[in-house]
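Here is how the chains run, residue by residue.
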Amino acid sequence: VPDLSGSLYVPEMRTLLVADLHLEKASNIARRGLHLPPYDTRASLMQLERTIASCAASRVIFLGDSFHDDEAIARIQPDDLETLKRLSERVETIWITGNHDPNPPPEAGGRIVSEVSLGPVVLRHEPTIVGEGQFQIAGHLHPAASVSQRGRQIRCKCFVGNSRQLIMPAFGSFTGSLGVSAEPFQ
């Protein structure tokens, strides 16, 4: 069941899937001299807590790039780290590794893996070409679509899929997006 937050809920498994949080992205950019408000992590975690509560998930699987870089854990505010720890104590938490976080911090709690299977569906960070009879759910590409109506255009994150695969939107509050007509989606 897709949610407007960009998460995906699997009711029969009480599992919430979340892709591309990119926690501490703003602090990473700020290190390089472009000062941004440091609230992206807190906003993403607040949205995550609301989403978990609304569906009563007992397990959360993060599909990679949960942390913007391997040093994010050193920059995260203590209250935000405590929120992550509480989350991983309340619900089973699985972190799939991503290209931005090949070594998710164990301090956040939960289990770290390279991919997970939910029945016949493989969950991973980067989508791969799947063959007949194979199924996957991935993140990484941050899909978004634009719609024009009456001279106005809106652009929003979205899910992209076919009968064998689904690409999830980025969940994080400060993530970019890639238009669904871009080459990687072909």
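Residues numbered from 1 in each chain as written. Predicted model: local features only at pLDDT ≥ 70, side-chain atom pairs only at ≥ 80, totals over all residues. Heavy atoms only, no water.

Draft legend 1. Structural detail: helix α2 (residues 40-55). Its 16 residues place the ends of α2 23 Å apart at the C-alpha level, agreeing with the 22 Å of an ideal helix rising 1.5 Å per residue. Looking at α2, one finds that the buried residues are Asp40, Thr41, Ser44, Leu45, Leu48, Thr51, Ile52 and Cys55. With its buried residues spanning 125° around the axis, α2 presents them on a single face. Residues of α2 that are exposed and point over 90 degrees away from its buried face: Ala53 and Ser54. Those residues of α2 that are buried lie in contact with β1 (8-10), β2 (15-18), α1 (25-30), β3 (59-62) and α4 (78-90). Of the residues one or two after α2, Ala56 is the one with positive phi, at around 55°. (Helix = DSSP H or I, 4+ residues; strand = E, 2+ residues; numbered from the N terminus. Expected span 1.5 Å × (residues − 1). Buried < 20%, exposed > 50% of the residue type's maximum accessible area, 1.4 Å probe, protein only. Arc of directions from axis to C-beta. Contact = heavy atoms within 4.5 Å.)

Draft legend 2. A look at the nonpolar core. In this structure, Leu16, Val18, Leu48, Ile52, Phe62, Phe67 and Leu84 are the most contacted members of the largest nonpolar core, which totals 23 residues. Secondary structure elements with two or more residues in this core: β2, α2, β3, α3 (72-75) and α4. A per-element tally of this core places α2 first, with four residues. When residues no more than four places from it in sequence are discounted, the contact partners of Val18 are Ser7, Leu48, Val60, Ile61, Phe62, Leu63, Met168 and Phe171. If you look at the next biggest cluster of nonpolar residues, it comprises 14 residues, including Leu17, Leu63, Ile96 and Ile137. (Core = buried A, V, L, I, M, F, W, Y, C linked by side-chain atoms within 4.5 Å.)

Draft legend 3. Seen up close, α4. Look at α4: 18 Å from first C-alpha to last across 13 residues, which is about the 18 Å you get at 1.5 Å a residue. What α4 keeps buried is the set Asp80, Leu81, Thr83, Leu84, Leu87 and Ser88. When α4 is viewed along its axis, its buried side chains cluster within an angular range of 155° and face the same direction. Residues of α4 that are exposed and point more than 90 degrees away from the buried face comprise Pro78, Asp79 and Glu89. Buried-residue contacts for α4 involve α2, β3, α3 and β4 (92-96).

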